[in-house]
Amino acid sequence: MEEALKPWHSLPKITMARRMAGATAACACVLTGALFTSAYAALADRHCADGHLLQPPEQHASSGNCIEDLPNAIDTILRAALAASALWGAEIRSEELGLLYARNANSSFIPASNTKLLMASAALLRLGEGFRWQTTAYLGPSGVVCVDAVGDPSLSQARLEELLKRLATAAPGVRAELQLAHSTSSPPPTWEYGDLSHSYGAEPAAATIDGNTVVVTVAAGASEGAPLQASFAPPSAASMFRVDTNRSRTAAPGSASSVTAVYELDALGQLVLVLDGSLGLGAPSVSLTRSVRPASRLFASHLREAARLAGFGALEVTMLPVGVGCTSGAASASTESEALLPLLNQTLQESDNLYAELTLRAIGRGSVSDGLAATATAISSLGVSSASVMHVDGSGLSRHNVASPAFFVALLEAMRSTALRDLLPVSGRTGTLAHRFIGTPAEGIVHAKTGTMTGVSALSGYLRHADPAVGEIVFSLLGNNVPAYGGALRQFQDAIVIAIAKARHCGGSRAGGIA
């Protein structure tokens, strides 16, 4: 249970309330207030690393709250020791007042998952809100059942089973050969190898089902020193993996647990899932979600099970050559995804890389390169310059993506009249912002996309300002090259956003930012 924040003057010391962004997320530290003295910034920097929310003294709350003082406030925030170690890019614009702040605004930065703003904008413009993925099963000549996989990111085992049952109803008693039509698939070539084992690095494939992941449960062996044991859900996934447990061991009872499961290449160049680390004898098992490579093997396994349950029998699956589609025949059945809008909402709320990559492919009618080209064309049609942009994937997992704060602000301004704003996480409410800004003036008024990877943190979006003289704020805050996990920079981004939310237009001239 979190400690409730109390007025500063009622406490003998600084009150600190921990705000956790979930079990696996880095702690976020928010400095509330618009302008900080150097001494307070130093104090904040010492405590932020521990994931605390610091509330400044009330006597400072009424000073420096003019929008005209915002540049000084932001510069003070970014002088804190950890913030100063990073390279920052920022642009902040008011609907009514124009440019409020700029720092390296036209320079290119790695944007991490802010890249999804490009994909989402192009999807809304090129595919339309009502677009749906349609997966079709055909009963062809000689009782061949063929499924045409189209890269529906939301396809599940349950939907595949229902699809095959409907096809079986049209052809009772048929015992058929199973075929799977799909395109080639591989992770984007610029993704880092270490990401490919994890669920966030799942392979974007036409033959996608259940997120292209399985659950690996790792348990201690029967005795101390024995290798750890692995089991899979679904159980059929066990046949898809070669597992090496030689680096793992069962430790003494009560020992600390530390387990990893990552892909490596063996001497023959074949993928092996390597278990490393240890579990104490008798310790609870550990469950890890891991991607399946290639993803088509998981789809084929699910397809066999769906065919069995539909009454087609236990059949092997034949992968059709790339470019060869299903042959239509006596009957067919289809399953459709939800419309694009709720799926884009999930993509942006949860920052789902697989959904983003498959949406990019849908924009390009199955092709990554065509999807990237169509995205560039769509953004150009808005009058937004992409001079600062290198765009190589749909999700932002690649470090080869770069873009400037000015680009993101221009894109967000151009997309104001679309559904994009309402699809983004809301501060203190939903998605990746659900645990940020709670109890601050920015709670509930920010719609923004987050982005985090080692050394990188990004936050770009809209702020619905309370002062009508300021109007809606569009902002982009990009931090790169911090010698830490990118989440360590969130505290400074949050402090800037809170400073914006607190500031009011006092009628003076703006101090201006760093160009």
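Residues numbered from 1 in each chain as written. Predicted model: local features only at pLDDT ≥ 70, side-chain atom pairs only at ≥ 80, totals over all residues. Heavy atoms only, no water.

Caption draft 1: Layout of the environment of Leu 433. As for its placement among the helices and strands, Leu 433 is situated in the loop between helix H12 (420-423) and strand S16 (446-463). Leu 433 sits 15 residues away from Ala 448 along the chain, and the two C-alpha atoms are 8.0 Å apart. With residues up to four places along the chain from it excluded, the contact list for Leu 433 reads Pro 425, Val 426, Ser 427, Gly 428, Val 446, Ala 448, Thr 450 and Leu 459. (Helix = DSSP H or I, 4+ residues; strand = E, 2+ residues; numbered from the N terminus. Contact = heavy atoms within 4.5 Å.)

Caption draft 2: Representation of the packing of aromatic side chains. On inspection of all chains with the given rule, the structure shows 4 aromatic pairs. Between Phe 241 and Tyr 263, the ring centres sit 6.3 Å apart and the planes meet at 10 degrees, which makes this aromatic pair stacked. Here Tyr 263 lies in strand S11 (residues 258-265) and Phe 241 lies in the loop between strand S9 (229-233) and strand S10 (243-251), a separation of 22 residues in the sequence. Here the aromatic rings of Phe 407 and Phe 408 are separated by 5.5 Å at their centres, their planes lie at 65 degrees, and the arrangement is edge-to-face. Side by side, Phe 407 and Phe 408 carry an identical accessibility label, which is buried. Taken together, the aromatic side chains of Phe 232, Phe 241 and Tyr 263 make up a single cluster linked through ring pairs. One residue, Arg 421, lies across the ring of Tyr 462, its end atom 4.6 Å from the ring centre. (Phe/Tyr/Trp six-rings, centres within 6.5 Å; stacked < 30°, edge-to-face > 60°. Buried < 20%, exposed > 50% of the residue type's maximum accessible area, 1.4 Å probe, protein only. Lys NZ or Arg CZ within 6 Å of the ring centre and 35° of its normal.)

Caption draft 3: Here's a closer look at the state of the cysteines. Under the defined criterion, the tally for this structure stands at 2 disulfides. Cys 146 shares a disulfide with Cys 326; S-S distance 2.0 Å. Between Cys 146 and Cys 326 the disulfide shows an S-S torsion of about -70 degrees. By sign, it is left-handed. Residue Cys 146 is located in strand S6 (residues 145-148), and its partner Cys 326 is located in the loop between strand S14 (317-319) and strand S15 (331-336); the two are separated by 180 residues in the primary sequence. (Disulfide = S-S within 2.5 Å.)

Caption draft 4: Fine view of the sheet that holds S9. If you walk across this open sheet you meet the 3 strands as S9-S8-S13, and the pairing is antiparallel. Unpaired on one side and paired on the other, S9 and strand S13 (286-291) mark the two borders of the sheet. Strand-to-strand twist in this sheet, taken as the mean axis angle between neighbours without regard to direction, amounts to 30 degrees. One ladder, built from 5 bridges, connects strand S8 (residues 213-219) with S9; its direction is antiparallel. Bridging across to S9, Val 216 finds its partner in Phe 232. (Pairing = 2+ DSSP bridges. Axes fitted to C-alpha atoms, helices over the stretch in contact; angles between N-to-C directions.)

Caption draft 5: Region of the structure containing a nonpolar patch on the surface. A cluster of nonpolar side chains, Tyr 193, Leu 265 and Leu 271, forms an exposed patch at the surface whose accessible area comes to about 280 Å². Mapped onto the secondary structure, Leu 271 falls in strand S12 (residues 271-280). Leu 271 sits in the partly exposed class, given a relative accessible area of 31%. (Patch = residues over 30% accessible without salt bridge, like charges linked within 9 Å, V, L, I, M, F, W, Y side chains within 5 Å. Areas by Shrake-Rupley, 256 points an atom, 1.4 Å probe, with all protein chains shown as cover. Salt bridge = Lys/Arg side-chain N within 4 Å of Asp/Glu carboxyl O.)

Caption draft 6: Expanded view of the layout of surface pockets. Approximately 1,200 Å³ is the volume attributed to the largest pocket. Lining the largest pocket are 40 residues, and of these Tyr 200, Glu 350, Ser 351, Thr 452 and Tyr 485 sit closest to its centre. Elements represented by at least two residues in the lining of the largest pocket include exactly helix H8 (340-350), helix H9 (353-363) and S16. If one sorts the elements of the lining of the largest pocket by residue count, S16 sits on top with 5 residues. The class makeup of the residues in the lining of the largest pocket is 14 nonpolar, 17 polar and 9 charged. (1 Å grid on protein atoms, 1.4 Å probe; cavity = no way out; pocket = protein on both sides within 12 Å on 5 of 7 lines; lining within 4 Å. Points joined across faces, edges and corners; volume = space filled by probe spheres on them. Nonpolar A, V, L, I, M, F, W, Y, C, P; charged D, E, K, R; others polar.)

Caption draft 7: Looking closely at the packing of helix H5 (residues 116-127) against H8. Orientation of H5 relative to H8, taken along the N-to-C sense of each, is 175 degrees, at an axis distance of 11 Å. Put simply, H5 runs roughly antiparallel to H8. Across from Lys 116, Met 119, Ala 120, Ala 123, Leu 124 and Leu 127 in H5, the residues of H8 making contact are Leu 340, Leu 341, Leu 344, Thr 347 and Leu 348. Class assignment of the residues belonging to the contact of H5 with H8 gives a composition of 9 nonpolar, 1 polar and 1 charged. (Parallel < 35°, antiparallel > 145°, perpendicular 65-115°, else oblique.)

Caption draft 8: Expanded view of the pairing of S6. Across 4 bridges, strand S5 (residues 134-139) lies against S6 in antiparallel orientation. Bridged to Ala 137 within S6 is Val 147. Between S5 and S6, which pair antiparallel one after the other, the connecting turn spans 5 residues, and Ser 142 there sits at a positive phi close to 60 degrees. Two strands pair when backbone bridges link them, and S6 and strand S7 (residues 178-181) are joined in this way by 4 bridges, in the parallel orientation. The residue of S7 that forms the bridge with Asp 148 is Ala 181. Tracing the backbone out of S6, into helix H6 (residues 157-170) and back to the parallel element S7 gives a crossover that is right-handed. (Right-handed = clockwise from strand over helix to strand, strands pointing away.)

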